[in-house]
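Per-entry structural report
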Amino acid sequence: MTDVPEDLTTVGRHHGNDPPTDTGQEVRSPQGPDPETLAAEPTPALFQVVRTADPDRVQIRGHSPRAEIPSPEEGVEEIGQYRTVDALRDALTEAGIEGRTAVFEDTEADRVLTDSSVTPDHAWIGRPRFETITFFVDEGAADEYVRSLDAPSSSA
């Protein structure tokens, strides 16, 4: 800054007009949760809920928490993406999975588990261990799906 006049001091305060205190705008800040009461929990996974080409089939696809998920393949409609188990359960309630047969694909144990009457509150829903959970209206369609997979199966 070589063009600064020599008669200005290098220390001190600006002696111009003070800024107005009332700008005519109201600014609000949302009240967040009290950090003393709730502990932050990392999200276990990113859950993508889709409806497949068969309109009676709903599927949960589990991904790593920071995954960038591309659009579903042709013929598959995305219902939504959820980072919390509660939000996932709400979406499954809206999708109407109550009483359906569920096929839980356990990648850790390399097996498939089925349950013939599930609800959105099922204990296994929301566990990252099950990368894919598919819900069927017809139990026969669920059995056929399990046979198409190359993993040992068991019924719950």
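Residues numbered from 1 in each chain as written. Predicted model: local features only at pLDDT ≥ 70, side-chain atom pairs only at ≥ 80, totals over all residues. Heavy atoms only, no water.

1. Observations regarding the pattern of salt bridges
We count it as follows: In what follows, salt bridge is the name for a side-chain nitrogen of Lys or Arg lying within 4 Å of a carboxyl oxygen of Asp or Glu. Starting at the N terminus, helices and strands are each numbered in turn, a helix being any DSSP run of H or I of at least four residues and a strand any DSSP run of E of at least two. Three exposure classes are used, based on accessible area relative to the maximum for each residue type with a 1.4 Å probe and protein chains only: buried under 20%, partly exposed in between, and exposed over 50%.
Following the criterion strictly, the structure yields four salt bridges and no others. Across the pair R129 and E108 runs a salt bridge, and its minimum N-O distance is 3.9 Å. Of the two residues, R129 sits in the loop between β5 (111-115) and β6 (130-136) while E108 sits in the loop between β4 (101-106) and β5, which places them 21 residues apart along the sequence. In this structure E108 comes out as exposed when scored by relative accessible area, which is 62%.

2. Details of the nonpolar core
Formally: Take the buried Ala, Val, Leu, Ile, Met, Phe, Trp, Tyr and Cys residues and link them wherever side-chain atoms come within 4.5 Å; each set so joined is a nonpolar core. Residue contacts are defined here by distance: any two heavy atoms, one from each residue, within 4.5 Å place the two residues in contact.
Formed by 18 residues in total, the largest nonpolar core has its most connected members in I60, L88, L92, F104, I125 and F135. Elements supplying a minimum of two residues to this core: β1 (46-51), β2 (57-63), α1 (85-95), β4 and β6. Excluding residues that lie within four positions of it along the chain, L92 makes contacts with V49, I60, I97, P120, I125 and F135. If you look at the next biggest cluster of nonpolar residues, it comprises six residues, including V103, V112, A142 and V146.

3. Details of the side chain of Q59
Rules: Polar contacts, as used here, are pairs of N or O atoms within 3.5 Å; protein pairs need one atom able to donate a hydrogen and one able to accept it. Residues neighboring in sequence count only if both atoms are side-chain atoms.
One can find Q59 in strand β2. For Q59, the side chain forms a polar contact with the side chain of R61, separated by 2.9 Å. A polar contact of 2.9 Å, which involves the side chain of Q59, links it to the side chain of T134. Excluding its chain neighbours within four sequence positions, the residues that come into contact with Q59 are Q48, V49, V50, T52, T132, I133, T134 and Y145.

4. Topic: a negative patch on the surface
Operational definition: Surface patches are defined over residues having more than 30% relative accessible area and no salt bridge, joining like charges when they lie within 9 Å and nonpolar side chains (Val, Leu, Ile, Met, Phe, Trp, Tyr) when within 5 Å. With residues, only the protein chains shown are counted as cover, and all accessible areas are computed by Shrake-Rupley using a 1.4 Å probe. Charged residues are defined here as Lys and Arg on the positive side and Asp and Glu on the negative side; His and the ends of the chain fall outside this count. In plain terms, the charge of a residue is placed at NZ if it is Lys, CZ if Arg, CG if Asp and CD if Glu.
Taken together, the side chains of D54, D56, D138, E139 and D143 define an acidic patch exposed on the protein surface. Summarising the element assignment, D54 is placed in the loop between β1 and β2. You can call D54 partly exposed: its relative accessible area is 31%.

5. Brief notes about helix α2 (residues 139-148)
Heads up, the condition is: Summarising the geometry, the arc corresponds to the directions from the helix axis toward the C-beta atoms.
Listed as buried for α2 are A142, Y145 and V146. Down the axis, α2 shows its buried residues gathered within 100° of arc, on one side only. Residues of α2 that are exposed and point more than 90 degrees away from the buried face comprise E144, R147 and S148.

6. Brief notes about the environment of V146
Structurally, V146 is set in helix α2. Between the C-alpha atom of V146 and that of T114, which follows or precedes it by 32 residues, the distance is 8.6 Å.

7. Let's talk about the side chain of T132
As for its placement among the helices and strands, T132 is situated in strand β6. Residue classification places T132 among the buried positions, given a relative accessible area of 17%. Excluding residues that lie within four positions of it along the chain, T132 makes contacts with Q59, I60, V103, F104, E105 and Y145.

8. Side note on the environment of E73
By the element assignment, E73 lies in the loop between β2 and β3 (77-82). The spacing of E73 and T52 is 21 residues in sequence and 9.4 Å in space, taken between C-alpha atoms. Among the polar contacts listed, one links the side chain of E73 to the side chain of R61, at a separation of 2.9 Å.

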